[in-house]
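# Fold and contact review
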Amino acid sequence: MLEMSGVAKRYRTATVETRALEGVNLSVLEGEFVAIVGPSGSGKTTFLNVAGLLESFDEGTYELDGDDVSKLNDSKRSRLRNQKIGFIFQNFNLIPDLSVFDNIDVPLRYRRFPARERKDRIQNALDRVGLLGRIHHLPGQLSGGQQQRVAIARALVGEPRLLLADEPTGNLDSKTAEGVFDLLLELHSSGSTILMVTHEDSLASHTTRSIHIRDGFFESE
């Protein structure tokens, strides 16, 4: 599903070069649930942005589902990202003045799905996360846990090959976080491939495997 070899990412200013990732080697098989664990500033989010084709990288190779990412221009990378990757963000990233239905509809409109198919996909995705009854609510009318479930439904609706989760329980209380993580485990058990970054070893211990990152280096696997 995902194959990285020697991937490096650096940020440069006129006087300073910061190594955000260095020599990352990673293989993720279809159906795995892999946790990338590390403290704040370790390079977790940079790694996820590179994996999700939101940022380019400076060295190495990266293949996503058989496509060599390094050989694609921006337009083709965007198309690949929209077709094969679903994102779950810590801050939900829902549009506040759009209903639950319309928030989930955004990526489907971008891919030009017919209206009937979009409606069916949205209803199915909301049913999977247990929020079909909130389809016409605004994000502000939902709890934090419900908003994260909407964000998960939005990630699922396009049937992506890979789910990327960036601290998906980070803004939730412990009980709500447990429910959201249980949903991710359920999605994994049904066949979803998930790559999650977190600072919580307790979550990582329930995934297929965990890898620690520090100062841009993968320490163990």
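Data block above holds the structure.
The present account deals with the structure reproduced in this document.

About the thresholds
Residues numbered from 1 in each chain as written. Predicted model: local features only at pLDDT ≥ 70, side-chain atom pairs only at ≥ 80, totals over all residues. Heavy atoms only, no water. Phe/Tyr/Trp six-rings, centres within 6.5 Å; stacked < 30°, edge-to-face > 60°. Helix = DSSP H or I, 4+ residues; strand = E, 2+ residues; numbered from the N terminus. Buried < 20%, exposed > 50% of the residue type's maximum accessible area, 1.4 Å probe, protein only. Lys NZ or Arg CZ within 6 Å of the ring centre and 35° of its normal. Core = buried A, V, L, I, M, F, W, Y, C linked by side-chain atoms within 4.5 Å. Contact = heavy atoms within 4.5 Å. Expected span 1.5 Å × (residues − 1). Arc of directions from axis to C-beta.

Scanning the entire structure with this criterion turns up 4 aromatic pairs. Here F33 and F181 contribute two aromatic rings whose centre-to-centre distance is 6.0 Å and whose plane-to-plane angle is 45°, an arrangement assigned as tilted. Of this pair, F33 sits in strand β3 (residues 33-37) while F181 sits in helix α6 (residues 174-189); the two residues are 148 residues apart in sequence, bridging distant segments of the chain. The class for F181 is buried, based on a relative accessible area of 4%. With centroids separated by 5.7 Å and ring planes inclined at 5°, the aromatic side chains of F87 and F89 adopt a geometry described as stacked. Classification of F87 by relative accessible area gives buried; the value is 16%. Exposure remark for F89: the relative accessible area of 25% places this residue in the partly exposed category. We note R121 situated over the ring of F113; from NZ or CZ to the ring centre the distance is 4.4 Å.

This brings us to the nonpolar core. Counting residues in each nonpolar core, the largest one holds 37 residues, and the members touching the most others are I104, I122, L126, V129 and I152. At the level of secondary structure, the elements contributing two or more residues to this core comprise β3, α3 (100-110), α4 (115-128), α5 (144-156), β7 (162-166), α6, β8 (194-198) and α7 (201-204). Look past the residues within four positions of L126 in its chain and what remains in contact with it is V100, I104, L131, L132, I135 and A153. If you look at the next biggest cluster of nonpolar residues, it comprises 29 residues, including V24, L53, L195 and V197.

This part covers the environment of E219. In this structure, E219 sits in strand β10 (residues 217-220). Sequence separation of E219 and V24 is 195 residues, and the distance between their C-alpha atoms is 9.9 Å. Beyond its immediate stretch of four places on either side in the chain, E219 contacts H212 and R214.

We now examine α6. Over its 16 residues, α6 runs 22 Å from end to end, which matches the ideal 22 Å to within 8%, given 1.5 Å per residue. Taken residue by residue, α6 has A177, V180, F181, L183, L184 and L187 as its buried positions. Looking straight down α6, one finds that the buried residues subtend no more than 145° of arc, so they occupy a single side. Those residues of α6 that are exposed and angled more than 90 degrees off the buried face are S174, K175, E178 and S189.

Another aspect to go through is unusual backbone geometry. In this structure, L53 is a non-glycine residue whose phi angle is positive, near 65°. Within the secondary structure, L53 sits in the loop between α1 (44-51) and β4 (59-64). What makes L53 buried here is its relative accessible area of 3%. For D215, which is not glycine, the phi torsion reads 50° and is therefore positive. Note that D215 resides in the loop between β9 (209-214) and β10.

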